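Fold and geometry: a report
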Amino acid sequence: RTLFCELCFVIVTCWMARQAPLSCPGHTRPVVYLHYSALTPEGASCFISACKDGKPMLRKGDTGDWIGTFEGHKGAVWGACLNKNATMAATGAADFTAKLWDALSGSEKNTFNHKHIVKAVDFSQDGLKLLTGCNDRVVRVFDVSSSQILHTLEGHSSAIKCAVWSRDENQIISCAEENSIKVWDIRSSSVVKTLDFDAAITSVELSQDASTLTLAHGKTVSCLDAESYHTLETFPMPAVIYSASLHPTKSCFVVGGEDFKIYKFDYQEKQELESYKGHFGPVHCVRYSPDGEVYVSGSEDGTVRLWLNTVGKNYGLWKNPNDTAANSTTLTT
């Protein structure tokens, strides 16, 4: 009888375990980009959201709780990032500026004027340099402390959509409204490699250990070696994908795109593990937390949602009422 009760409990628990995303209110227009900091020594992290309402927000990485709003842009914010320890933030916007912020106080530290809309921003690994990608087809590198332009990278034939630092501190990866990415060497301000794809690149993510680049392009996700830029894996997708994010252990990845859904895939088996339709508009961005316990999504519907990577696990604000330990006394009769 005890064994039967335990079996019934397991079945009921599995049946009741379901994905229950946390919704983060605050934005009033489409959320177009998300970026996590690294983990602190205490195991905490933060993430920043870029939104067309012009008010990027900082939130706790495990719960999505609001920390603050960076106010100062006069147009839609298209790009946002944090340095590793979440002491500084950077944003790029439709007001032709990129801004540097003190992430602890929320105060504006500097403004970098551009000639057109700034779509991408990213801190170097050491946090000393900031790159920007602009609709004028130029990638610029600024010194964070002096605000001086260190490098100007010209060569794209259309507006830049994504730009990130590579594994090599002297290299930058950028993509525009073209079916390719460019790898730049900032020492010579020249393109050292161009990689062509079957569709325009809509997102580029460097893995947390800086070993893998994850790209979304059309109905495909590709993973590249971040040193050689050789293709490691290619995954066909069920819909047009706008964003992809690789789990820190590289065991799985999540994607979001035009069909409003979030998909999770096994990296080795290339099989769909889960899919959820929690948004009411296309999903513009997905990102894994640095501990891999949650992933966050931003959508055309103006919401940010946090999803539990292991459904049913006790983590952050997610509490499983059917936890085996908590209910162990009810299993014996």
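One structure accompanies this document, and this report is about it. The structure displayed is predicted, hence computed values, not measured ones.

**Focus: the sheet that holds strand β19 (residues 212–217)**
Taken in spatial order, the four strands line up as β18-β19-β20-β21 in an open sheet, and their pairing is antiparallel. Strands at the two margins of the open sheet, each flanked by one partner only, are β18 (201–206) and β21 (231–236). For this sheet, the mean angle separating the axes of adjacent strands, direction not counted, is 15 degrees. Relative to β21, strand β20 (residues 220–225) runs antiparallel, the two being bridged by five bridges. Residue pairing for β21: Val-221 is matched across the bridge by Phe-235.

**Re the sheet that holds strand β25 (residues 272–276)**
In space, the four strands of this open sheet follow the order β22-β23-β24-β25, with antiparallel pairing throughout. Two strands close off the open sheet at either side, each with one partner strand: β22 (241–246) and β25. Neighbouring strand axes in the sheet, compared pairwise and without regard to direction, differ in orientation by 20 degrees on average. Examined bridge by bridge, strand β23 (residues 252–257) and strand β24 (residues 262–266) share five bridges and lie antiparallel to one another. Of the residues in β24, the one forming a bridge with Val-255 is Tyr-263.

About the cut-offs
Each residue is numbered by its place in its chain's sequence as written, counting from 1. Reporting in this predicted model follows two pLDDT cut-offs: at least 70 for local features of residues, and 80 or more for side-chain atom pairs to be given and counted; totals over whole chains, interfaces and linings ignore these cut-offs and use all residues. Excluding hydrogens and water, the side-chain figures rest on all heavy atoms present in the structure. A pair of strands counts as paired when DSSP detects no fewer than two bridges linking them. Helix and strand definitions here come from DSSP, where helices need a minimum of 4 consecutive H or I residues and strands a minimum of 2 consecutive E residues; each element is numbered from the N-terminal end. Axes here refer to lines fitted to C-alpha atoms; in helices the fit is confined to the stretch in contact. Angles between the N-to-C directions go from 0 to 180 degrees.

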